[in-house]
Amino acid sequence: MRAGWTGVLLITAVFHVVRGAPVDAAIYALGAVVLIFDAFGWLRIPLRMPPDRDTVSRRVIAGTLIAVASLTLGVTRLYSPADTAIVVGLGVLLLPVAWADRGGAAPQPLSAVIRRTAVAWSIVIVFGCLWEIGIFFLGRDLTGSENAFPALSDLLDPLLAWPHARVVLVACWLLGGYALLRRGRQS
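Residues numbered from 1 in each chain as written. Predicted model: local features only at pLDDT ≥ 70, side-chain atom pairs only at ≥ 80, totals over all residues. Heavy atoms only, no water.

### Some details on the overall build of the chain
Let me state the cut-off plainly: Helix and strand labels come from DSSP, where a helix needs a run of H or I of at least four residues and a strand needs a run of E of at least two; each type is numbered from the N terminus. Buried residues are those whose accessible area, probed at 1.4 Å on protein chains only, stays under 20% of the maximum for their type, while exposed residues exceed 50% and partly exposed ones sit between those limits.
Helix and strand counts for the chain stand at seven helices and zero strands. Moving toward the C terminus, one meets the helices and strands of the chain in the order α-α-α-α-α-α-α. When each of the 187 residues of the chain is scored for burial, the buried share is 17%.

### Overview of the side chain of Arg166
Formally: Each polar contact in these results corresponds to two N or O atoms within 3.5 Å; when the atoms are within protein, one needs to be able to donate a hydrogen and the other to accept it, and residues that are neighboring in sequence are counted only if both atoms are side-chain atoms. Throughout, a contact is declared for two residues whenever any of their heavy atoms are within 4.5 Å.
Within the secondary structure, Arg166 is located in helix H7 (residues 163–186). One polar contact links Arg166 to Asp83, side chain to side chain, over a distance of 2.4 Å. Each residue touching Arg166, except ones within four places of it in the same chain, is listed here: Leu73, Gly74, Thr76, Arg77, Leu78, Asp83, Leu159 and Leu160.

### Digging into the nonpolar core
Note the cut-off: For our purposes a nonpolar core is just a set of buried Ala, Val, Leu, Ile, Met, Phe, Trp, Tyr and Cys residues, chained together by side-chain atoms within 4.5 Å.
Ile66, Ala69, Leu73, Leu90, Val170 and Leu174 together form the largest nonpolar core, which totals six residues. Listing elements by their share of this core, those giving two or more residues are helix H3 (55–75) and H7. No other element matches H3, which puts three residues into this core. Not counting chain neighbours up to four residues away, the residues in contact with Val170 comprise Ala69, Ser70 and Leu73.

### Section: the confidence of the model for the chain
Spelled out, the test is: What pLDDT conveys is the predictor's confidence in a given residue, as a value from 0 to 100.
Scored by pLDDT, the chain comes out at a mean of 78, with 78% of its residues at no less than 70. Per-residue pLDDT, averaged within each element of the chain, yields its smallest value for helix H4 (residues 81–99) (78) and its largest for helix H2 (residues 22–39) (88).

Dropping the structure here:
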């Protein structure tokens, strides 16, 4: 499974090189390198996650952080340095939590519901990736076709420019991430 994710990150990095986005390419390549280092045992985060004894206080803290981050991102200008700093800061703060040592516990097999959900989301994500790649190549081949074939991000930008919608979308994004982290801790 790790080899698959590493391959996806490397393919995405190459695509961003072709697209002319070296910073994006470097981010995906760095992600692939981190997974490779972890596979060889060269990357270990010694943080041990304590057992979930006081889940109420954890949920209150997580909910408060999600609310503050959502409201903050809702009022910052889209693609501004503050916007970028908040997103990168969230990633840096949460990476050790997501990567923390689970004490060597073997992962539990996934239930049928989780497997079906994973397949459904994988289909949505693959469709989105194919859309973006197709739009990229259509926009390059035809003169002036960049506006005729908008990328998903171009279609969503007007919605993200509205602060109220942005707060809701960021909250959903962070709540989804929190749910995935909790699911990962249980397995």
